[in-house]
Amino acid sequence: MKDTNTINNCIHPKIRLRFDTQEKFFGPGVCELLELIDETGSVQKACARMELSYSKGSKMLKKLDQVIGISIVERWTGGAGGGGARLTEAGKKLVKTYRKMETEVQKAAEDAFYKYYGEDFRNAITINSSITEESVISLEKAIIDIQTGGTTDEAD
């Protein structure tokens, strides 16, 4: 079994799943905001945890509701217990389904990456490692293999 640090430092695809109409309206940031609203019970606290202004977070939620056509976050104001917010059932389903889809899309991207680039390319140079002459030669061999569809192993 490979060392987790080695695997995490290898070259790999990183996919950001986003839903668009004429402009983006839902992706990792909005999903995180919804998850934090669900966790904290507050739009304001969720925005603070993301280091996002409350007005920006509110605009993101308003756009989401407009595009989807239903309320994703239920909010209430003041009173003795103060205001709060929670995800509607539709909001919970949106987050859960998005995270499942995100996992599947990432897996498909990784499978395609390894299909087209292979294990040699993946391991040729790792992030946060010093680039050595051997790693450059290994990368060059992996690229030649990809271009030719063969191997570069030659007898010396």
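Residues numbered from 1 in each chain as written. Predicted model: local features only at pLDDT ≥ 70, side-chain atom pairs only at ≥ 80, totals over all residues. Heavy atoms only, no water.

Side note on the environment of E89
As for its position among the elements, E89 is in helix 5 (residues 89–124). For E89, a relative accessible area of 62% puts it in the exposed group. Put simply, E89 and I72 are 17 residues apart on the chain and 7.7 Å apart in space, counted from C-alpha to C-alpha. (Helix = DSSP H or I, 4+ residues; strand = E, 2+ residues; numbered from the N terminus. Buried < 20%, exposed > 50% of the residue type's maximum accessible area, 1.4 Å probe, protein only.)

Let's talk about the pattern of salt bridges
If the charged atoms of two oppositely charged side chains come close together, the side chains can form a pair. Tallied over the full model, the rule gives eight salt bridges. The partner of E23 in a salt bridge is K63, with the nearest N and O atoms 3.0 Å apart. On the criterion of sequence distance, the pair formed by E23 in the loop between strand 1 (19–20) and strand 2 (24–26) and K63 in helix 4 (residues 54–68) is long-range, its members being 40 residues apart. Relative accessible area serves as the criterion here: at 48%, E23 is assigned to the partly exposed category. Using a relative accessible area of 28% as the deciding quantity, one classes K63 as partly exposed. In this structure, a network of salt bridges that share partners links the residues E35, R99 and E102. (Salt bridge = Lys/Arg side-chain N within 4 Å of Asp/Glu carboxyl O.)

Quick notes on helix 2 (residues 28–40)
For helix 2, built from 13 residues, the straight-helix expectation of 18 Å at 1.5 Å per residue is met to within 8% by its first-to-last C-alpha distance of 18 Å. Here helix 2 has its buried residues at V30, C31, L33, L34, L36 and I37. A positive backbone phi angle near 75 degrees is found at G41, which sits one or two residues after helix 2. (Expected span 1.5 Å × (residues − 1).)

Examining the confidence of the model for the protein
Predicted confidence across the protein gives a mean pLDDT of 81, with 68% of residues reaching 70 or more. Taken together, the stretch residues 1–7 has pLDDT below 50 and engages in five contacts with residues farther than four places along the chain or on a different chain. (pLDDT = per-residue confidence, 0-100. Contact = heavy atoms within 4.5 Å.)

What about the nonpolar core?
Counting 23 residues, the largest nonpolar core has F26, L34, I37, L64 and V73 as the members making the most contacts within it. Looking at this core element by element, the count peaks at six residues for helix 2. If we skip the residues at most four places from it in the chain, I37 touches S42, V43, A46, L61, V73, A85, R86 and L87. (Core = buried A, V, L, I, M, F, W, Y, C linked by side-chain atoms within 4.5 Å.)

Regarding the packing of aromatic side chains
Inspection of every chain in the model, using the stated rule, returns four aromatic pairs. Note on F26 and Y98: the rings are 5.0 Å apart at their centroids and 90 degrees apart in plane angle, and the pair reads as edge-to-face. Of this pair, F26 sits in strand 2 while Y98 is found in helix 5, placing the two residues 72 residues apart along the sequence. Accessibility expressed as a relative area gives 2% for F26, which makes it buried. (Phe/Tyr/Trp six-rings, centres within 6.5 Å; stacked < 30°, edge-to-face > 60°.)

Some details on the side chain of T88
Inspection of the secondary structure assignment puts T88 in the loop between strand 4 (84–87) and helix 5. For T88, the side chain forms a polar contact with the main-chain oxygen of S71, separated by 2.9 Å. (Polar contact = N/O pair within 3.5 Å; in protein donor to acceptor, adjacent residues only side chain to side chain.)

Notes on a nonpolar patch on the surface
Where nonpolar side chains cluster on the molecular surface, the patch consists of V67, I68 and I70 and spans about 210 Å² of accessible area. Among the secondary structure elements, I68 is positioned in helix 4. (Patch = residues over 30% accessible without salt bridge, like charges linked within 9 Å, V, L, I, M, F, W, Y side chains within 5 Å. Areas by Shrake-Rupley, 256 points an atom, 1.4 Å probe, with all protein chains shown as cover.)

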